[in-house]
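Topology and contacts: notes
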Amino acid sequence: MRERLQREPTVRAIYVGWPDGSYLVLRRIGTGYAEYTGSADGVAVGTHLDAVFSPLGEIEPLVNYDPRVRPWYLAGANATGPSWTEPYLEYDTSNTLESVADAARVDGDIEAVVGADLNLDLLGGVLDDLPYGDGAEAFVLTPGGEVIAAPTAYEEQLLTIASATGEVPTGADIGLTHSNAPTRTDTTSFTRTGSVILLDRTFPGEEGLDWVIHITADEAQAVRGAGRPRHHVGVGDGYLAGDRGRCRRLRAASAPSAEAHA
């Protein structure tokens, strides 16, 4: 687990949960890590680790944490292979999480469930750097409009909303203009609302991603920025290859191996 976090910056946290309720959680915090353990009889411990996993001291444990009711555990336990959660809020913070999990089984019985979080902060940084021109912003949403990732300027607003409501914020919560995203995979739709241009793009079905890349731009600003270099990301024809490739690589790198942790 520790080697995986060091090797893959796209992985934010790794979990292992057992059917008796015991667990191990390893999560990035700052330049180091937090390790949380819990036993079947309810004894919980939190340890702050430095960048090379040397203990720095105790931290607040995950009080009353039961892995068996967490979305990542349920996703792995209820599937026959790696399975992704819908976005959900972290147990002890208002951070939005997107996790993949898999169960290790012996003769059909679950021995443990292993989960990993995608580093959505890293994805937000990717959205900051997309060359769409002045006044344009890109978001990653669920088909229902929940915000998976947004430019970093929205970070505090998203946390405030999640803390107040106890739910994953939606695009409407942060003032995004509503648009009807395509229901088919590998499809682009354009919408104009006044001077605002909206573009929604779904991923190819074989990539297994039901996310929607939502781009909003003021028409006048988009026109002014249209002649600037856009590297390999083609927006005019709706082909968001750069976005999709980044998201796919981020998500694939987070996939856990139940066999490796069993």
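A brief look at the structure comes next. (Residues numbered from 1 in each chain as written. Predicted model: local features only at pLDDT ≥ 70, side-chain atom pairs only at ≥ 80, totals over all residues. Heavy atoms only, no water.)

Topic: the sheet that holds strand 13 (residues 188-193)
Strand order in this open sheet of five strands is 12-11-15-14-13, and the pairing throughout is antiparallel. Each of the sheet's edge strands pairs with one partner strand only, and the pair in question is strand 12 (147-149) and strand 13. Neighbour-to-neighbour, the strand axes of this sheet turn through a mean angle of 30 degrees, independent of strand direction. Bridge analysis of strand 14 (residues 196-202) against strand 15 (residues 212-218) gives seven bridges, and the strand direction is antiparallel. Paired with Arg201 across the strands is Ile213, a residue of strand 15. Where helix 3 (residues 120-128) meets the sheet, it contacts strand 11 (137-141) and strand 12, and its direction lies at approximately 80 degrees from that of strand 12. (Pairing = 2+ DSSP bridges. Helix = DSSP H or I, 4+ residues; strand = E, 2+ residues; numbered from the N terminus. Axes fitted to C-alpha atoms, helices over the stretch in contact; angles between N-to-C directions. Contact = heavy atoms within 4.5 Å.)

Notes on the side chain of Arg70
In this fold, Arg70 is placed in the loop between strand 5 (55-59) and helix 2 (71-77). Summary of buried charges: Arg70 has no salt-bridge partner, and the nearest side chain of opposite charge, Asp92, is 7.4 Å away. Sequence-distant contacts of Arg70, that is, excluding residues within four places in its chain, are made with Tyr65, Tyr88, Leu89, Glu90 and Tyr91. (Buried < 20%, exposed > 50% of the residue type's maximum accessible area, 1.4 Å probe, protein only. Lys, Arg positive; Asp, Glu negative; His and termini not counted. Salt bridge = Lys/Arg side-chain N within 4 Å of Asp/Glu carboxyl O.)

Description of helix 4 (residues 155-165)
Among the residues of helix 4, those classed as buried are Leu158, Ile161 and Ala162. Buried residues of helix 4, seen end-on, are gathered within an arc of 95 degrees and therefore sit on one face of the element. When the buried face of helix 4 is taken as reference, the exposed residues oriented beyond 90 degrees from it are Glu156, Thr160, Ser163 and Ala164. Those residues of helix 4 that are buried are in contact with strand 7 (88-89) and strand 12. Looking at the residues trailing helix 4, positive phi occurs at Gly166, about 70 degrees. (Arc of directions from axis to C-beta.)

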